[in-house]
Amino acid sequence: TGDLGFFEDDYLYICGRHKDLIIVNGENFYPQDIESTVQNVSVGVRPGCVAAFSHNDHGDDGNVELVFEVRKSHYKRADEITDKIRDVVNKNNGIMLSRIVAIKERTI
């Protein structure tokens, strides 16, 4: 994913990024711009608990994927929030996310 981190006591700690740039179709995007957009989509998204990254299996630019923590009070609305994230990121950042994963709060 390009993230730098480590496991300790069964927890994953993210320390930073190896490369702070996502390239899609030759265009450069900063992950923090996408993450900022996402954390403002819904109160169900925990601020600071969003990770956007590029995934590349084919040697080309790659796909943009996103993981976010959903608040416990919004678990039942996770699909609705995910759909809204996809629409808002496409509109505001010009990126079609290839995968969005909602995870339990306090797991990033």
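For the structure itself, look to the data block above.
All values derive from a computational prediction rather than experimental measurement.

By secondary structure assignment, the location of Glu-69 is in strand S6 (residues 63-70). For Glu-69, a relative accessible area of 1% corresponds to the buried category. At 2.6 Å, the side chain of Glu-69 forms a polar contact with the backbone nitrogen of Ile-108. With near-sequence residues (within four places) excluded, Glu-69 lies in contact with Gly-44, Val-45, Arg-46, Cys-49, Ile-103, Lys-104, Glu-105, Arg-106, Thr-107 and Ile-108.

This part is about helix H1 (residues 31-39). Turning to H1, its buried residues are Pro-31, Ile-34, Glu-35, Thr-37 and Val-38. Buried residues of H1, seen end-on, are gathered within an arc of 160° and therefore sit on one face of the element.

Turning next to a nonpolar patch on the surface. A surface patch of nonpolar side chains, about 410 Å² in accessible area, is lined by Phe-7, Leu-12, Ile-14 and Ile-108. Structurally, the position occupied by Phe-7 is in strand S1 (residues 3-8).

The pairing of strands in a sheet happens through backbone hydrogen bonds and is either parallel or antiparallel. In spatial order, the strands read S5-S6-S7; together these 3 strands make up an open sheet with mixed pairing. Lying at the two open borders of the sheet, with one neighbouring strand each, are strand S5 (45-55) and strand S7 (99-104). Each neighbouring strand pair of the sheet contributes to a mean axis angle of 20°, computed without reference to strand direction. Pairing geometry for S6 and S7, over 6 bridges, is parallel.

The next thing to look at is the pattern of salt bridges. Taken as a whole and assessed by the stated rule, the structure comprises 4 salt bridges. The partner of Glu-69 in a salt bridge is Arg-46, with the nearest N and O atoms 2.4 Å apart. In this pair, Glu-69 is assigned in strand S6 and Arg-46 in strand S5, connecting sequence segments 23 residues apart. For the pair formed by Glu-69 and Arg-46, the shared burial category is buried. Salt bridges sharing common partners tie together Arg-46, Glu-69 and Glu-105.

Of note, Gly-44 is situated in the loop between H1 and S5. Once the C-alpha coordinates of Gly-44 and Phe-68 are considered, the two residues, 24 residues apart in sequence, prove to be 9.9 Å apart. Setting aside anything within four residues of it in sequence, one finds Gly-44 in contact with Glu-69, Val-70, Arg-71, His-74 and Ile-81.

Turning to unusual backbone geometry, a few remarks are in order. Despite not being glycine, Asp-9 shows a phi value in the positive range, around 55°. According to the relative accessible area criterion, Asp-9 is exposed, its value standing at 63%. At Asp-10, a residue that is not glycine, the phi angle is positive and equals roughly 65°. Looking at the secondary structure, you find Asp-10 in the loop between S1 and strand S2 (11-17).

Here the focus is the side chain of Ser-42. Residue position: Ser-42 is located in the loop between H1 and S5. One polar contact links the side chain of Ser-42 to the main-chain amide nitrogen of Gly-44, over a distance of 2.9 Å.

Rules behind the numbers
- Residues numbered from 1 in each chain as written.
- Predicted model: local features only at pLDDT ≥ 70, side-chain atom pairs only at ≥ 80, totals over all residues.
- Heavy atoms only, no water.
- Helix = DSSP H or I, 4+ residues; strand = E, 2+ residues; numbered from the N terminus.
- Buried < 20%, exposed > 50% of the residue type's maximum accessible area, 1.4 Å probe, protein only.
- Polar contact = N/O pair within 3.5 Å; in protein donor to acceptor, adjacent residues only side chain to side chain.
- Contact = heavy atoms within 4.5 Å.
- Arc of directions from axis to C-beta.
- Patch = residues over 30% accessible without salt bridge, like charges linked within 9 Å, V, L, I, M, F, W, Y side chains within 5 Å.
- Areas by Shrake-Rupley, 256 points an atom, 1.4 Å probe, with all protein chains shown as cover.
- Salt bridge = Lys/Arg side-chain N within 4 Å of Asp/Glu carboxyl O.
- Pairing = 2+ DSSP bridges.
- Axes fitted to C-alpha atoms, helices over the stretch in contact; angles between N-to-C directions.

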